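# Summary of structural features
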Amino acid sequence: MMPFLDFLKTHLVFLDGGMGTLLQAAGLQPGESPMEWTLTHPREVTEIHRRYFEAGAHVVSANTFGANLLHYSREKLAALVETAVAHVQQAREEAKGTQPKFVALDVGPTGRLLKPYGDYDFREAVECFGETIRLGAKAGADLIFIETMNDCYETKAALLAAKENSSLPVLVSNAYGEDGKLMTGASPAAMVAMLEGMGADAIGVNCSLGPDALAPVVEEYLAHASVPVLFEPNAGMPHVEEGRTVYDIGPQAFAASVARLVARGVRLAGGCCGTTPEYIRAVTEACRTLSPIPVTPKEETVVSSYATAVSFDDVPVLIGERINPTGKKRFKQALREGDMGYLLQEGVRQQEMGAHILDVNVGLPEIDEPSMLERTVCELQAVLPLPLQIDTSNPQAMERAMRVYNGKPMVNSVNGTQESMDAVFPLVRKYGGVVVALTLDEKGIPQDAQGRVEIARRILQEAAKYGISRKDLVFDTLTMTISSEPQAGNVTLEAMERIRRELGCHTSLGVSNVSFGLPCRDVLNGAFFSLALARGLSAAILNPHSLEMRKAFYAFRALTGRDENCLAYLRQAPALAPDTPAAPGNGTPPPLSPALGNAPGDSLGQAVKNGMKEQAASLAKTLLKKGAPPMEVVQKELIPALDEVGVHFEKKQVFLPQLLMSAEAAKAAFEAVKTFLQEHPGQQSSPRGDFVLATVHGDIHDIGKNIVRLLMENYGFQVWDLGKDVPPEEIVEETCRRHAPLVGLSALMTTTVPAMERTIQLLREKAPWAKVVVGGAVLTEEYARQIGADFYAKDAMETVRYALGLNP
C-alpha cells in the first residue's frame, strides 16, 4: 500500500465521521465510557469502522479519543489502544471498496487546562500524550490524528509528543468557537504558524459548528497554510427529538457545503459530531468530480503567541528591548533576586507603548540562565499576549525556553559560524521559530556589505539542509557605532538593503548601537531608524519608550501610505510632542484592551486587570495594613476590576488566559483579605450563596467546570465542586445537603448529554428549589431548554452573571 503522505500529495483524502452518536445508536448507555466499548463491545465498534471504510473513507480513526494516562492505568491503556487499533485493522480487512485504507490513532484533549491557567504541567502533558502515541505506533497505526484541541498550548504538547515518540505522519485539528478563535484565544493564523513550524503534516479544523459556520476559519487556514488543510465539521447544532439527540444539517446539505471548501483547496475532508457513514458517503459523492488543489508555499514570515500572530510584511515590526540586563542595574538586581514582578512590569509597559514582540534576555554570569530564561518565558506568556523573542547564546537555555514557549517564537540568534548553526538549526527544526541571523562568521564581522551578504547566503544554504525556509530567517546586518567607524551606518544599511532585494529575506537591526559613545543618542538613533525604514528594514529591536523612535515609526507609516487615513499617527500625535508622555498603544496590535492599558501597579484593581498575582496580593496587604476595611477592598477594588475584565472578555477584547490570570490575581488578593479576616474575626462576611458544580456522569473533561469554579469563588460564592464523571444521585444528594439554590452542570461529549438530562430530571424531583445552569461544547440554548435546564451559559462569565442575578 502506498505510504499515507505519498497518497496525500496527489489525492483528496476522505476521513471518517462521528463515533459517539453511532455508539449510542448501538446501545451505549448514559454514563458509559465510549472507550470502554472497545474492550466490552468489539464487534459493534469494528462494525462502525467497517461502515466508514465502505462509505469511502480513506482514514478511519481508532476509538482512542480520550485514551490516556489521566483516565486509565498503564496496563489498561495499553490493552485499550492495542485493541482499538486492531479493530480498525480488522475493519479494513473486512470492508469492501478498493480505495487505500489507513488506520489513525485518535488523540483528543486530556480534559485538563495547562498551567498557568490550570493545574496541569506542560511536561506532564507531553508525557501523557507520549505514552498513548508510543502504544499506538507499536500497535501498527499508520498515522496520528490529534483532534478537537481548543488550546494552543495543549496542541503543542500533543504534537511535540507525537514527533518525539514516533515517526508516523501527524494530522492536527483544532476546535474553534463562533468568534473564530480557540477557547484560549488563538487565531487561525497563530495556529498555522505554530503547527507548520513544528512540522505537522496536515492541519485544520473540526467539531464545534457546522460547515458553513466554520467556513471563514477554513478560508483563513487556506490563505496562510503551506501544508494540506483538513476539515471535519459537525452536522450543524444538536437538539432533542422524541428523546434522541439529532443534528440540524442532513447528509446532502452537509456534503454540498464541505465540497465547496474542497473546491477552494481543502485536501482532507470528513465529519465530526452528528455525522455518520451516510454523511461521509455523501461527501465522497459530492467531491467525485473535484481534483485536489495543489498546496502552495505561502512564504509568510510569522511569529505567534497563544493568541496573536505577528506577520513581517509591509508594516515594520517593533521588538521591545527592555527585558535585558545590559546596562540596567535595577534589572540585574531583579534577576538575582528572582523578582518576576519587575520583569513582568517591563513587559506590560512595552506592550502599552506599542511593541509588537518582546525580546527576552536574562543572561548574567552568576545566575542559572537556562532555568531563569525558561521561568521568565513562562511568566511573561501567562500575562501578555505578545509573541516573544528568545534571546540567548546558550543552546541549553534556548532549548528549554523554546520547548515551553506557547506559540512560534523569534529566536535571537544564529550566526555564520558552523558551531552556531549546528547548535541552533536543529532546535528551530524541532520546535519551530523565526531565527535572527547575524552576518558574522569565524572571521568576525566583515567591514563591507559584500562580506555580510555572502555570510547571509551561506546561512541560507545551511538552513535549507534542515528544511528551514528563507521565510523563517530574518537577517541582522549588525549596527556598529559610528563614533569609531564613520561609515559603519552606511555599510549596515547597504548590506540590509541588498539582503532584502537579492535574497528576498526580511531584516532586523538593533538600532541604538549606532550612537554608542556619542551624546544625544536618541537623536541619532531616531534618524538612523528613519534611514533604515526608508531602505526596507522589516523589524527593529529598540526601546519603545524612546520619543525619537516613536516619531520616526509613526511618521514613516503615515508618509509611505502604511497608515490608513493616518489614523495611528493622529492617535499618537499628542504623545509625539516634546515633553508629553506617550499614549499607550499604536493600533497594531492594541493592548489587552483599551480599558486595561493603564500603567501597571498603580492600584490593586490595575494589578488584577493585568493578571499580576504577587503584586495584587502585596497591594491588598498594604491597603489592609493602612486601615482599609476588608469589604471595601473587595467591593471597590477587586470586584470592579473583575467586572471590567469580564466585560472585555464578553466583547472578545480579551481572551480566556487573560480572564483566568486576572481571576488568579484576584484570588491571591482575596486570600490576603481572608487571612486578615481570620485575624480580625469581628469583620467576617457571609458568602453570597452555595453553588454545587460537577461534570456529569461519563464525562472526564473538567476544564470548563474549573474555570467556572474559579470565577464564582472570586465573586463570593461558596462552591461545592464534586469533580468530573459524577453520578446524578451524588449531585442531587449534595444539592439537598446544602440546600443549594444553584447547580452547575458541564458536559463536553455528546454521549454524556443524556446523563446531564437525567441529572436535571432527578433534581426536579428531589430539589425543586434549585436552579440549574448548564454549559459545554455540545450544548446550545435550545438544546439546554429541551433537556430542562434553567439557563445555558456559553462561557464562565455568563454563569457568573446569571448567579449574580439570582443572588446579587
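None of these values were measured; they are calculated from a predicted model.

Estimates place the volume of the second largest pocket at around 1,000 Å³. Lining the second largest pocket are 37 residues, and of these Asn 324, Thr 326, Asp 391, Asn 412 and Asn 513 sit closest to its centre. Listing elements by their share of the lining of the second largest pocket, those giving two or more residues are strand 13 (317-323), helix 15 (395-404), strand 16 (410-415), helix 16 (418-431) and helix 19 (521-534). With four residues, helix 16 is the single largest residue contributor to the lining of the second largest pocket. Split by residue class, the lining of the second largest pocket holds eleven nonpolar, 17 polar and nine charged.

This paragraph deals with the nonpolar core. Ranked by internal contacts, the top residues of the largest apolar core, which has 204 residues, are Phe 129, Ile 146, Met 191, Tyr 221, Leu 473, Phe 475 and Met 712. In terms of residue count, helix 25 (residues 656-679) provides more of this core than any other element does, 13 residues in total. Aside from chain neighbours lying at most four places away, what touches Leu 473 is Phe 425, Val 435, Ala 437, Ile 459, Leu 460, Ala 463, Cys 505 and His 506. With 28 residues, the next largest nonpolar core counts Val 726, Val 753, Ala 755 and Val 778 among its residues.

With parallel pairing, five strands are arranged side by side in an open sheet as 22-21-23-24-25. Each having just a single partner strand, strand 22 (718-721) and strand 25 (791-792) make up the two edges of the open sheet. Judged from the five bridges that link them, strand 23 (residues 742-746) and strand 24 (residues 771-775) form a sheet pairing that is parallel. By the bridge assignment for strand 24, Leu 745 is matched with Val 774. Helix-sheet contacts for helix 28 (residues 753-766) involve strand 23 and strand 24, and the interaxial angle to strand 24 is about 170°. Running over the sheet, helix 30 (residues 796-806) touches strand 21 (690-695), strand 23, strand 24 and strand 25 and is turned about 170° from strand 24.

This brings us to a nonpolar patch on the surface. Side chains of Leu 567, Tyr 569 and Leu 570 sit close together on the surface and give an oily, nonpolar patch of about 300 Å² of accessible area. Examined against the element boundaries, Leu 570 turns out to sit in helix 21 (residues 567-576). For Leu 570, a relative accessible area of 54% translates into the label exposed.

Taken as a whole, this structure holds 44 salt bridges when the rule is applied. Glu 131 is paired through a salt bridge with Arg 74; the nearest N and O atoms lie 3.2 Å apart. Of the two residues, Glu 131 is situated in helix 6 (residues 122-139) and Arg 74 in helix 5 (residues 74-94); the sequence distance between them amounts to 57 residues. Lys 705 serves as the salt-bridge partner of Asp 721, at 2.9 Å between the closest nitrogen and oxygen. Within this pair, whereas Asp 721 is found in strand 22, its partner Lys 705 is found in helix 26 (residues 703-714), the two being separated by 16 residues in sequence.

Let us now look at the packing of aromatic side chains. By the definition in use, this model includes ten aromatic pairs. Look at Phe 122 and Tyr 153: their rings are 4.6 Å apart centre to centre, the planes differ by 15°, and that puts the pair in the stacked class. Taken together, the residues Phe 122 in helix 6 and Tyr 153 in helix 7 (residues 152-165) connect sequence positions 31 residues apart. Arranged with centres 6.3 Å apart and planes meeting at 70°, the rings of Phe 331 and Tyr 342 form a pair that is edge-to-face. Here Phe 331 is found in helix 12 (residues 329-337), whereas its partner Tyr 342 is found in helix 13 (residues 340-352), with eleven residues between them in sequence.

What counts and how
- Position labels on residues start from 1 in each chain and follow its written sequence.
- Where totals are concerned, whole chains, interfaces and linings use all residues; where local detail is concerned, this predicted model gives features only for residues with pLDDT of at least 70, and gives and counts side-chain atom pairs only at 80 or more.
- Here the side-chain values reflect all heavy atoms present in the structure, with hydrogen atoms and water set aside.
- Definitions used for this entry: grid spacing 1 Å over protein atoms alone; cavity, a set of points where a 1.4 Å probe fits but cannot get out; pocket, an open set with protein on both sides within 12 Å along at least 5 of 7 lines; lining residue, one with an atom within 4 Å of a point.
- Grid points are joined across faces, edges and corners, and a volume is the space filled by probe spheres set on the points.
- Strands here mean DSSP runs of E at least two residues long; helices mean DSSP runs of H or I at least four residues long; both are numbered from the N terminus.
- Gly counts as polar in this scheme, as do all residues outside two lists: the nonpolar Ala, Val, Leu, Ile, Met, Phe, Trp, Tyr, Cys and Pro, and the charged Asp, Glu, Lys and Arg.
- Buried Ala, Val, Leu, Ile, Met, Phe, Trp, Tyr and Cys residues that are joined via side-chain atoms within 4.5 Å together make up what is termed a nonpolar core.
- Classification of residues uses two cut-offs on accessible area relative to the type maximum, computed with a 1.4 Å probe and protein chains only: under 20% is buried, over 50% is exposed, and between them is partly exposed.
- We call two residues in contact when some of their heavy atoms are within 4.5 Å.
- Strand pairing requires that DSSP identify at least two bridges connecting the strands.
- Note on geometry: axes are C-alpha line fits, over the in-contact stretch for helices, and angles between N-to-C directions span 0 to 180 degrees.
- For patches, a residue must show more than 30% relative accessible area and have no salt bridge; joins then use 9 Å for like charges and 5 Å for nonpolar side chains, namely Val, Leu, Ile, Met, Phe, Trp and Tyr.
- Each accessible area is a Shrake-Rupley estimate made with a 1.4 Å probe; only the visible protein chains count as cover when residues are assessed.
- Put simply, a salt bridge is a Lys or Arg side-chain nitrogen that is within 4 Å of an Asp or Glu carboxyl oxygen.
- Stacked, tilted and edge-to-face pairs are distinguished by plane angle, under 30 degrees for stacked and over 60 for edge-to-face with tilted covering the rest, among Phe, Tyr and Trp rings (Trp via its six-membered ring) whose centres lie within 6.5 Å.

Any functional reading would require information beyond the geometric quantities listed.
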